[in-house]
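# Structural overview
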Amino acid sequence: MRVVPLAADSMGTRSMATLVETRGGVFLIDPGVDLGPKRYGLPPHPVEEERRTLHWQRIKEAAHKAQVLIVTHYHHDHFNPREVDIFRGKLVILKDPESRINRNQAKRARKLLRDLEGIPRGITVGDDRNLEIEGVSLVFSPAVPHGASGRLGYVIQVAFSEGGETFIFTSDVQGPLLPSQQEFILNMDPDLLYCDGPMTYMLGVRYSKDNLEVALRNLIQILESTRASWVILDHHLTRDLHYRRAIDPLLERAQALGKTVGNAAQYRGEAEDLLEAKRRDLYKGVGVQ
């Protein structure tokens, strides 16, 4: 199984788009990319716009070779409502558009389904289902909150298993924070985990110190209790230039266990480039790689 992060916050855009290549087929998770509309009171810098264009092109190329596209929820950094043709001829697995969903995401889901009419070869709901596609096992979690509560909606997690190897993609759990989010990971016992990390850039505003302590405790338990030798921690976490300070206990525990916690850019073997977090410096003409 080969897992390829295509775009991510650690790579300069808001995204968790990920390609999963298996012997049984190619899967694309959350084919979307976006930018934070405001950061430090500033709109996206032209460098960020260029990076979004690059990442969207990469996602479209991946969609062309994938047979199955998965959308874990309906925020626009996880799917692109303006270019639904990438779903043409694909099997599309969606977060249930009617159950455990907030009003905003339900509205987006209805529009997406209208726009997809006649485009994919099939559409099915993923929530709380076990599917087998060409020898690859896909286990979807029940819908879990987007973060600590359902205020921002719900997401589905997915585990891919083939040949005794398991990869889990959590989508936007902001931690994980809740037992329902963590239990899926523990039960599936992944070799590789891609997790949306703590929202430390909003610490004390929309993400409490208690939230951070719970997330770190849960992540340490995952390291100690699963086979995961690599944990990709990204998305909400890497919108913070100083995120490593916040997760230092986790990094220390990973080192002691001989495991790796890093972001999507590092997993790709690239230097991180936290463009949104560097936006103020970009406007001053510094910090461009």
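Above this text you will find the structure in question.
Report on the accompanying structure. (Residues numbered from 1 in each chain as written. Predicted model: local features only at pLDDT ≥ 70, side-chain atom pairs only at ≥ 80, totals over all residues. Heavy atoms only, no water.)

## Details of the packing of helix α4 (residues 209-225) against helix α6 (residues 248-257)
Packed helices, taken two at a time, are described by the angle their axes make and the gap between the axes. Remark: α4 packs on α6, axes separated minimally by 10 Å, with the N-to-C direction vectors making an angle of 10°. In terms of orientation, α4 lies roughly parallel with respect to α6. Seen from α4, the contacting residues are Leu216, Leu219, Ile220, Leu223 and Glu224; seen from α6, they are Pro249, Leu250, Arg253, Ala254 and Leu257. Among the residues making up the contact of α4 with α6, the classes are represented as 8 nonpolar, no polar and 2 charged. (Axes fitted to C-alpha atoms, helices over the stretch in contact; angles between N-to-C directions. Helix = DSSP H or I, 4+ residues; strand = E, 2+ residues; numbered from the N terminus. Parallel < 35°, antiparallel > 145°, perpendicular 65-115°, else oblique. Contact = heavy atoms within 4.5 Å. Nonpolar A, V, L, I, M, F, W, Y, C, P; charged D, E, K, R; others polar.)

## Some words on the sheet that holds strand β2 (residues 18-21)
Read across the sheet, 6 strands follow the order β1-β2-β3-β4-β5-β6 without closing on themselves; strand pairing throughout is mixed. Strands at the two margins of the open sheet, each flanked by one partner only, are β1 (2-5) and β6 (122-125). The sheet shows a mean angle of 20° between the axes of neighbouring strands, direction not considered. Alignment of strand β4 (residues 68-71) against strand β5 (residues 91-94), held across 4 bridges, turns out to be parallel. Bridging across to β5, valine 68 finds its partner in leucine 91. (Pairing = 2+ DSSP bridges.)

## Digging into the nonpolar core
Counting 34 residues, the largest nonpolar core has Leu193, Tyr207, Val231, Leu233, Ile247, Leu250 and Val261 as the members making the most contacts within it. Looking at this core, the elements with two or more residues in it are α3 (179-188), β13 (192-196), α4, β14 (230-234), α5 (243-246) and α6. Of all the elements, α4 adds the most residues to this core, at 7 residues. The residues contacting valine 231, other than those within four sequence positions of it, are Leu193, Leu223, Thr260, Val261 and Gly262. (Core = buried A, V, L, I, M, F, W, Y, C linked by side-chain atoms within 4.5 Å. Buried < 20%, exposed > 50% of the residue type's maximum accessible area, 1.4 Å probe, protein only.)

## A look at helix α2 (residues 103-116)
Taking 1.5 Å per residue, 14 residues should reach 20 Å; α2 reaches 20 Å between its end C-alpha atoms and fits that length. Looking at α2, one finds that the buried residues are Gln105, Ala106, Ala109, Leu112 and Leu116. Looking straight down α2, one finds its buried side chains confined to an arc of 125°; they lie on one side. The exposed set on the far side of α2, more than 90 degrees from its buried face, consists of Arg103, Lys107 and Arg114. Elements in contact with the buried residues of α2: β5, β6 and β10 (154-155). Residue glycine 118 follows α2 closely and has a positive phi angle near 80°. (Expected span 1.5 Å × (residues − 1). Arc of directions from axis to C-beta.)

## A look at the side chain of serine 15
Among the secondary structure elements, serine 15 is positioned in the loop between β1 and β2. Using a relative accessible area of 0% as the deciding quantity, one classes serine 15 as buried. Within the structure, serine 15 has its side chain in polar contact with the backbone nitrogen of alanine 17 (distance 3.0 Å). (Polar contact = N/O pair within 3.5 Å; in protein donor to acceptor, adjacent residues only side chain to side chain.)

## So, the environment of phenylalanine 140
Residue placement: phenylalanine 140 occurs in strand β8 (residues 136-140). According to the relative accessible area criterion, phenylalanine 140 is buried, its value standing at 2%. It is 38 Å that separates the C-alpha atoms of phenylalanine 140 and glycine 41, two residues lying 99 residues apart in sequence. Here phenylalanine 140 is in contact with Ile70, Ile93, Gly126, Asp128, Arg129, Leu131, Ile156, Gln157, Val158 and Phe184, once residues within four sequence places are set aside.

## Looking at the packing of aromatic side chains
Scanning the model with the defined rule gives 5 aromatic pairs in all. Aromatic pair tyrosine 74 and phenylalanine 79: ring centres 6.0 Å apart, planes at 80°, arrangement edge-to-face. Neither residue differs from the other here; tyrosine 74 and phenylalanine 79 are each classed as buried. Ring geometry for phenylalanine 160 and phenylalanine 167: centres 6.0 Å apart, planes at 20°, overall stacked. On the basis of relative accessibility, which here comes to 1%, the residue phenylalanine 167 falls in the buried class. Taken together, the aromatic side chains of Phe27, Phe160 and Phe167 make up a single cluster linked through ring pairs. (Phe/Tyr/Trp six-rings, centres within 6.5 Å; stacked < 30°, edge-to-face > 60°.)

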